[in-house]
Amino acid sequence: MYASDLHTLATRTDHLDGTGVNADLEEALTAFTGFALALGMSNASTALAAAYAAVGLAPGDEVIAPSLTASETIAPLLRRGCTVVLADTLADSLTINPEEVERLVTPRTKGLVGVDLAGWPHDTNALRRIADKHGLVYVADLAQGFSARNNGDHSGRAAHAAVLSLNAQKQLPAGEGGVLLTNDEALYQRVLRETQHPHRQARELGIERVNYFSANGRLSALAASTAITNLPPAINRIHEQRHQAAELITLLNATGLVDPIMIPDGCEPTFPYLTATWRNTPQPTALLTLLHDAGHDARLRNLPLHPLHTLPQVQGEFARHVRTPEALPNTEKAARRVCIHVGGTP
């Protein structure tokens, strides 16, 4: 078992040249996700920053991103000097609304960001069509979307670059880490040259292309081993979450306390937790009683995200670099969402 000897793993140097457990993890993730290439990274934020740089986003470029996501999605863009244009979400999945993206494209737009939220996959094919139509780059933040699928394809499959998180709270935990996924060999090489050890660069790119001043963005052998050990149980757990979610959705839709939850055909969220919108006045006690009476050990909490345009820094120091449409109705309605955790879900 990979993680059986922590001292040995902590002192291994597989991460320096991209062999051993690091190569095993990258190979396993390309096989599972369908992407051609994978590159282990120190964390998802580092991977996102590298992806934005590798696709060519530069200071002054406008990038359309969802108005409801973790601040880490757009933080690297703001640090690069890009202007982030916020787009409203879809009512059901709370992922970015492709129709709003299309409406917001201008001659200044250079990129799009799709984000999976609470295990719901964003519409990767729609975003890629928009990107191709307007000559834009498209990056997918899959930190909350490992194993989410649309019509059989892993979420973000159509992106120029996508990023997974291996954070301890994510579906494939490794303590800390990230993975860049892409089908673009040139993009992969650019990220490798800027973030990986010269040993790996020399092995994959040739000694003449080594960048001796690259950043340390590589994934440790210990984290890689943890992730590959956790991969089979993570897949099994997601299968169980989907089965449990189907039962809960049937129950919730019959309560009258929340708006009906509808899963589009072909959409396969992973359901680390369920989200529902209160129909009228929130009645958490009544909902918990119904769930407990049906045999579910449930807990409720508010959606653990704030709309980006409401964050103090967006309203303050980054105000000139974030553009917010006049109306974001579905984003605003997210304040009425309740998150339902059942059993051992995080």
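One structure accompanies this document, and this report is about it.

## A closer look at the nonpolar core
Membership of the largest hydrophobic core comes to 40 residues, with the highest contact counts inside it found for L25, I64, V101, F146 and L166. Going through the elements one at a time, α3 (20-33), β3 (83-87), α6 (98-104), α7 (124-134), β5 (137-141), β8 (161-165), β9 (178-182) and α10 (221-253) are the ones with two or more residues in this core. Ignoring any residue separated from it by four or fewer positions in sequence, one finds V101 in contact with I64, A87, I96, L112, L127 and I130. Ranked by size, the runner-up nonpolar core spans 35 residues in total, among them L39, L180, Y188 and V314.

## Points about the environment of V342
Here V342 lies in strand β14 (residues 337-342). In this structure V342 comes out as buried when scored by relative accessible area, which is 5%. Along the primary structure V342 and Q244 are separated by 98 residues, whereas in three dimensions their C-alpha atoms are 8.7 Å apart. Not counting the four nearest positions on each side in its chain, V342 is found in contact with Q244, L248, H296, D297 and A298.

## Considerations on the side chain of D61
Secondary-structure assignment places D61 in the loop between α4 (44-54) and β2 (62-66). K110 provides the closest opposite charge to the buried, salt-bridge-free D61, at an N-O distance of 5.4 Å. D61 has contacts with G56, C82, T83, R108 and K110, leaving out every residue within four places of it along the chain.

## Examining the sheet that holds strand β12 (residues 298-302)
The sheet built from three strands is open, its strands ordered β11-β14-β12 with antiparallel pairing. At either end of the open sheet lies a strand with only one pairing partner, and these are β11 (274-277) and β12. Averaged over all adjacent pairs, the angle separating strand axes in this sheet is 30°, with direction ignored. By the bridge criterion, five bridges tie β12 to β14 in an arrangement that is antiparallel. Of the residues in β14, the one forming a bridge with A298 is V342.

## Section: the packing of aromatic side chains
Counted according to the given criterion, the structure contains two aromatic pairs. Plain terms: the ring middles of W120 and F271 are 6.3 Å apart, the flat faces sit at 80° to each other, and that makes the pair edge-to-face. Of this pair, W120 sits in the loop between β4 (109-115) and α7 while F271 is found in the loop between β10 (267-268) and β11, placing the two residues 151 residues apart along the sequence. A relative accessible area of 6% means that W120 is categorised as buried.

## Description of the packing of α10 against helix α11 (residues 284-293)
Orientation of α10 relative to α11, taken along the N-to-C sense of each, is 130°, at an axis distance of 11 Å. In terms of axis orientation, α10 runs oblique to α11. The way α10 lies across α11 gives a crossing that is right-handed. Contacts between α10 and α11 involve L248, L251 and L252 on the former and, on the latter, L287, L290 and L291. Split into classes, the residues belonging to the contact of α10 with α11 amount to six nonpolar, no polar and no charged.

## Quick notes on the pattern of salt bridges
Scanning the entire structure with this criterion turns up ten salt bridges. Its salt-bridge partner being R103, residue E100 comes within 2.8 Å of it at the nearest N-O pair. Residue E100 and its partner R103 are both found in helix α6; the two are separated by three residues, about one turn of the helix. What makes R103 exposed here is its relative accessible area of 51%. Put simply, R203 and E204 hold a salt bridge, and the shortest N to O gap is 3.3 Å. On the basis of relative accessibility, which here comes to 30%, the residue E204 falls in the partly exposed class. Taken together, the shared-partner salt bridges in this structure form one network comprising E26, R200, R203 and E204.

## Comments concerning the sheet that holds strand β1 (residues 37-41)
A sheet is described by the order of its strands in space; here eight strands give the open sequence β1-β9-β8-β5-β4-β2-β3-β13, paired in mixed fashion. Each edge of the open sheet is held by one strand with a lone partner, namely β1 and β13 (322-323). Bridge count between β1 and β9: five bridges; the pairing is antiparallel. Considered in β9, the bridge of L39 is made with L180. Against the sheet, helix α8 (residues 185-195) contacts β1, β8 and β9, and its axis sits at roughly 20° relative to β1.

## Thoughts on a nonpolar patch on the surface
A surface patch of nonpolar side chains, amounting to about 450 Å² of accessible area, comprises I207, Y212 and F213. Mapping F213 onto the fold places it in the loop between α9 (198-205) and α10.

Definitions and limits used
Residues numbered from 1 in each chain as written. Predicted model: local features only at pLDDT ≥ 70, side-chain atom pairs only at ≥ 80, totals over all residues. Heavy atoms only, no water. Core = buried A, V, L, I, M, F, W, Y, C linked by side-chain atoms within 4.5 Å. Buried < 20%, exposed > 50% of the residue type's maximum accessible area, 1.4 Å probe, protein only. Helix = DSSP H or I, 4+ residues; strand = E, 2+ residues; numbered from the N terminus. Contact = heavy atoms within 4.5 Å. Lys, Arg positive; Asp, Glu negative; His and termini not counted. Salt bridge = Lys/Arg side-chain N within 4 Å of Asp/Glu carboxyl O. Pairing = 2+ DSSP bridges. Axes fitted to C-alpha atoms, helices over the stretch in contact; angles between N-to-C directions. Phe/Tyr/Trp six-rings, centres within 6.5 Å; stacked < 30°, edge-to-face > 60°. Parallel < 35°, antiparallel > 145°, perpendicular 65-115°, else oblique. Left-handed = near helix turned anticlockwise from the far one by under 90°. Nonpolar A, V, L, I, M, F, W, Y, C, P; charged D, E, K, R; others polar. Patch = residues over 30% accessible without salt bridge, like charges linked within 9 Å, V, L, I, M, F, W, Y side chains within 5 Å. Areas by Shrake-Rupley, 256 points an atom, 1.4 Å probe, with all protein chains shown as cover.

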